[in-house]
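Coordinate inspection notes
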Amino acid sequence: MHTPAVSFQSVHKQYGELSALKSISFDVRPGCFFGLLGPNGAGKSTLINTMAGLVKPTSGTIQVNGHDVVKDYRQARRTLGVVPQELISDPFFSIQDLLTIQGGYFGLKGRAQAKWIDELLSRLALSDKRNALTHELSGGMKRRVLIAMALVHQPQVLVLDEPTAGVDVDLRKTLWEFTKDLHKKGHTIILTTHYLEEAEALCEEVAILKSGNLKALETTSELISRHQYRYLRVIPSATHQFLVNQLPVVLQQRYVEQDVNGVLFRLEKDMPLNSMLGWLSDAGFDVQDLTSRNATLEEVFLDLTGEVE
Amino acid sequence: MQMNWVGCWALFMKEVRRFYSVAVQTIFAPVVASLLYLLIFGQVIEARMDVYTGLSYSQFIIPGLVMMTILQNAFSNTSSSLIQSKMHGNLTFVMLSPISPLELYLAFVSASIVRGLAVGLGVLVVGIWGFDIVWQSPMWILLFAVLSAAVMGGVGMTAGILADKYDHLAAFQNFIIIPLTFLSGVFYSIHALPEFWQVFSHFNPFFYMVDGFRFGFFNQSDVSVLFSLAITVLFLVAVTVINLILLYKGVKIRH
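Everything in this summary refers to the structure shown in the same document. (Residues numbered from 1 in each chain as written. Chains lettered and ligands numbered in written order. Predicted model: local features only at pLDDT ≥ 70, side-chain atom pairs only at ≥ 80, totals over all residues. Heavy atoms only, no water.)

Another point: the sheet that holds strand β6 (residues 80-83) of chain A. Residues and elements named next belong to chain A. The mixed open sheet is built from six strands, whose spatial order is β6-β7-β8-β3-β9-β10. Each having just a single partner strand, β6 and β10 (213-219) make up the two edges of the open sheet. Averaged over all adjacent pairs, the angle separating strand axes in this sheet is 15°, with direction ignored. Helix α5 (residues 139-151) contacts β6 and β7 (157-161) of the sheet and is inclined by roughly 170° relative to β6. On the sheet, helix α6 (residues 169-184) packs against β3 (33-37), β7 and β8 (188-192) and is oriented at approximately 145° with respect to β8. (Pairing = 2+ DSSP bridges. Helix = DSSP H or I, 4+ residues; strand = E, 2+ residues; numbered from the N terminus. Axes fitted to C-alpha atoms, helices over the stretch in contact; angles between N-to-C directions. Contact = heavy atoms within 4.5 Å.)

Written as structure tokens, this is what we have:
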């Protein structure tokens, strides 16, 4: 059996009266693209910072590639790269210098390291900014610098804490291409993001946290398929007008929302579609078209957390 | 546990390059400030104060001024670097690396010694050039310069760790460091003071650093040089222990 890339065992973090993490236990398998999801204040960043050694757990242990992050922190940190959520700057050093210095902290120097830094700068489209200072860069570029800093020692496990927050679409795409490439090369990627479509597209497994508790831990596809609902989007004819509170109760109970794309209903998976069509017909609903689909990760997430991301 | 010397060196060099990149502020300005003290105090007090036999007042205060600049700049180096790193968030880069608390301490304090010595040397060179200064025991001079810079680098680190904002650091510097350096015998021999202030001076650890350092120049001091050395080493050990406890516990750094 493989050593987990990251293993959380009964990790608890207490801040005064607040339990930020409540005995969290789970493993992340090596090579997995793993999503750590949850609403604001769920404990995602606390869990990541505890893994990174920036926060001390009140109790419990975390191992990265078999190395305890407290007792064997040197080896744990050598195998872990963290892209923090907050943008960080340094007013004294150029991007290239920062990367060289950061590599030095890990005991890395010489021609091979310089070559890797060149490659990182190139892959993250920072080559022409190598001599710039961090405060001269845009937010998106600063984010890329943080990714380069996290990868300077070529860690096996890369943690990205909200890497696309405030980043434009182009850069987001570049970042995901780069991250997917790292994943293909065997790196374990742990991602927190508020963009759940991205998490659904990228993550093989997800953990959902809420108020410091682990609410779900599954492969993304199982989590979605296990969801007890499917969704039916009904497109009424252009002339059809209706009020939600005038619909029969069975439809009102299943009504989710209405927008320019139609009316969305949530149905129990085992309910025959005919029943729904019958209720729509009985209600005099003038249906022009309809589409049925499974739940998205976002809908599963909302169902589990009861909160809007 | 095996030391990560490459990492420690990388952090040390970063700290040295940091202050060197703003050398006007970190090296030249303190040298000029000390020379102004020399010019003003030397001229005004020269004829009014007796110090050691055979020495002019200006000759007397030069070692004191050199030590004062060493102390204040060694303190500034670690304290300002740490608070800036905390404010900009880039201390996180060090915290995410495999650098141990001991390596972090050694790197920061060593860089503060380099800055202290660089500024002190600047004052000394001008002092030698303008006044007839000789050194009787270069080894004592170097020993006290390095140890005192290390002590103040360590004190600066404690202040930098504990401070949450620049205001805290300014208070520490203005209400503790500057008064203690000014009252350490930089500008006078404590024998010229009333008895109460002589006794008071003996409770100021900076006094022993200045006095021992001055011994290296004149072979004369207010207290035994070995006693000054013992106090300085004791102070260094205490500061080191306090910093290592703070760093290992992660006080105000790891939450």
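Our focus in this paragraph is helix α7 (residues 166-182) of chain B. Residues and elements named next belong to chain B. For α7, spanning 17 residues, the distance from its first C-alpha to its last is 22 Å, which sits close to the expected 24 Å at 1.5 Å a residue. The largest bend in α7 amounts to roughly 35° and is located at Q173. Buried within α7 we find L169, I177 and T181. Tucked into the core, α7 has its buried residues touching α3 (57-88), α6 (138-162) and α9 (205-218). (Expected span 1.5 Å × (residues − 1). Bend = angle between axes of the 7 residues up to and from the residue. Buried < 20%, exposed > 50% of the residue type's maximum accessible area, 1.4 Å probe, protein only.)

Now for the pairing of β10(A). All names here are of chain A. Pairing of strand β9 (residues 205-210) with β10 involves six bridges; the strand directions are antiparallel. Bridge assignment links I208 to a residue of β10, and that residue is A216. Between β9 and β10, which pair antiparallel one after the other, the connecting turn spans two residues, and S211 there sits at a positive phi close to 50°.

This paragraph deals with the pattern of salt bridges. Pairing between side chains of opposite charge can happen when the charged atoms of each approach one another. Residue and element names in this part refer to chain A. Applying the stated criterion across every chain, the model contains 17 salt bridges over all chains. Note that D181 and R123 form a salt bridge whose closest N and O atoms lie 2.8 Å from each other. Taken as a pair, D181 in helix α6 and R123 in helix α4 (residues 111-123) lie far apart in primary sequence, 58 residues in all. Since its relative accessible area comes to 34%, R123 is described here as partly exposed. A salt bridge links R293 to E299; the nearest nitrogen and oxygen atoms lie 2.8 Å apart. Judged by its relative accessible area of 31%, R293 is partly exposed. With a relative accessible area of 15%, E299 lands in the buried category. Members of the salt-bridge network, linked through shared partners, are R29, E204 and E205. (Salt bridge = Lys/Arg side-chain N within 4 Å of Asp/Glu carboxyl O.)

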